[in-house]
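Next come the chains, spelled out residue by residue.
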Amino acid sequence: MNKFFSSALALGLSGSAWAATDAVPSSAIRALRQPGEAALQIDGRLDEALWREAPVYEQFVQFLPEDRQAARWRTTVQVIADEHALIFAIRAYDPEPERIRAPLTRRDEVRLDQDFVSVFIDPVGRRRSAQFVRVGAAGSISDGVFVADDDSDDLSPDFDVQAAVQRLPDGYSVELRWPLAALRFPHREASPGA
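This section reports on the structure supplied with the text. Computed from a predicted model, the values in this text were never measured in an experiment.

A look at the overall build of the chain
Thinking step 1. Regarding its fold elements, the chain presents one helix and 12 strands.
Thinking step 2. Along the chain direction, N to C, the helices and strands of the chain fall in the order β-β-α-β-β-β-β-β-β-β-β-β-β.
Thinking step 3. Carbon and sulfur atoms make up 47% of the accessible area of the chain, which totals about 10100 Å².

Printed below as a string of structure tokens:
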């Protein structure tokens, strides 16, 4: 089975967002807020009590191989926001888990012909570019900036993210911790370096 497919969650943190689907408007995707630092171990297991409290989203569409078509495989996403980071729990189901393509690769070598999940964040909210992290089914990470004007990925930035994957009998689960300090928000009333 050639599953040239990835699940992607697109978030806009400044108000306007890239909609991942018409069924779940981006404004409806909410994070469970935690004061201080969330007590989570980034190990790919979604067994901590906080994941039982966080809202679950699962009405997504694919963008490859056919954009905005119903997703062929179920994917669930949960988000927790603590004082320092956004933490994502992603559950990727697969009816044929033995066919999951999960090579262990170097950083920025997660390719489109492998199984992976992606998170795109547009902290500026202009829908022209987004920071992204891809996590392969073996736990490899690719990260960078997606530019919409020429539909390209710039893999040169490396964000200080943590990710872990757990293989399961019916797919795999991913935990991804993305520090807020790694997001590129525009400077508003402060001078650069302030």
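Digging into the sheet that holds strand 12 (residues 171-179)
What holds strands together in a sheet is hydrogen bonding between their backbones, with the strands either parallel or antiparallel.
Thinking step 1. Taken in spatial order, the five strands make up an open sheet running 2-5-6-12-11, and their pairing is mixed. The open sheet terminates on both sides in strands that have one partner only, identified here as strand 2 (32-33) and strand 11 (162-168).

Observations concerning the pairing of strand 8 (residues 129-136)
Thinking step 1. Burial runs high along strand 8: seven of the eight residues are buried.
Thinking step 2. Relative to strand 8, strand 7 (residues 116-122) is paired through six bridges, and the arrangement is antiparallel. Its bridge partner lying in strand 8, Val-119 is registered against Val-133.
Thinking step 3. Alignment of strand 8 against strand 9 (residues 141-147), held across seven bridges, turns out to be antiparallel. When the bridges of strand 9 are listed, Arg-134 appears paired with Ser-142.

Concerning the nonpolar core
Thinking step 1. Ranked by internal contacts, the top residues of the largest apolar core, which has 28 residues, are Phe-88, Tyr-172, Leu-176 and Trp-178.
Thinking step 2. Secondary-structure elements contributing two or more residues to this core are strand 5 (75-81), strand 6 (85-93), strand 7, strand 8, strand 9 and strand 12.
Thinking step 3. Filtering out sequence-adjacent residues up to four positions away, Trp-178 remains in contact with Ala-85, Leu-86, Phe-88, Val-119, Ile-121, Gln-131, Phe-132, Val-133, Phe-159, Val-161 and Leu-183.
Thinking step 4. Of all hydrophobic cores here, the second largest spans 11 residues; its members include Leu-32, Ile-80, Ile-87 and Ala-164.

Conventions and cut-offs
- Residues numbered from 1 in each chain as written.
- Predicted model: local features only at pLDDT ≥ 70, side-chain atom pairs only at ≥ 80, totals over all residues.
- Heavy atoms only, no water.
- Helix = DSSP H or I, 4+ residues; strand = E, 2+ residues; numbered from the N terminus.
- Areas by Shrake-Rupley, 256 points an atom, 1.4 Å probe, with all protein chains shown as cover.
- Pairing = 2+ DSSP bridges.
- Buried < 20%, exposed > 50% of the residue type's maximum accessible area, 1.4 Å probe, protein only.
- Core = buried A, V, L, I, M, F, W, Y, C linked by side-chain atoms within 4.5 Å.
- Contact = heavy atoms within 4.5 Å.

Read these as geometric descriptors, not functional statements.
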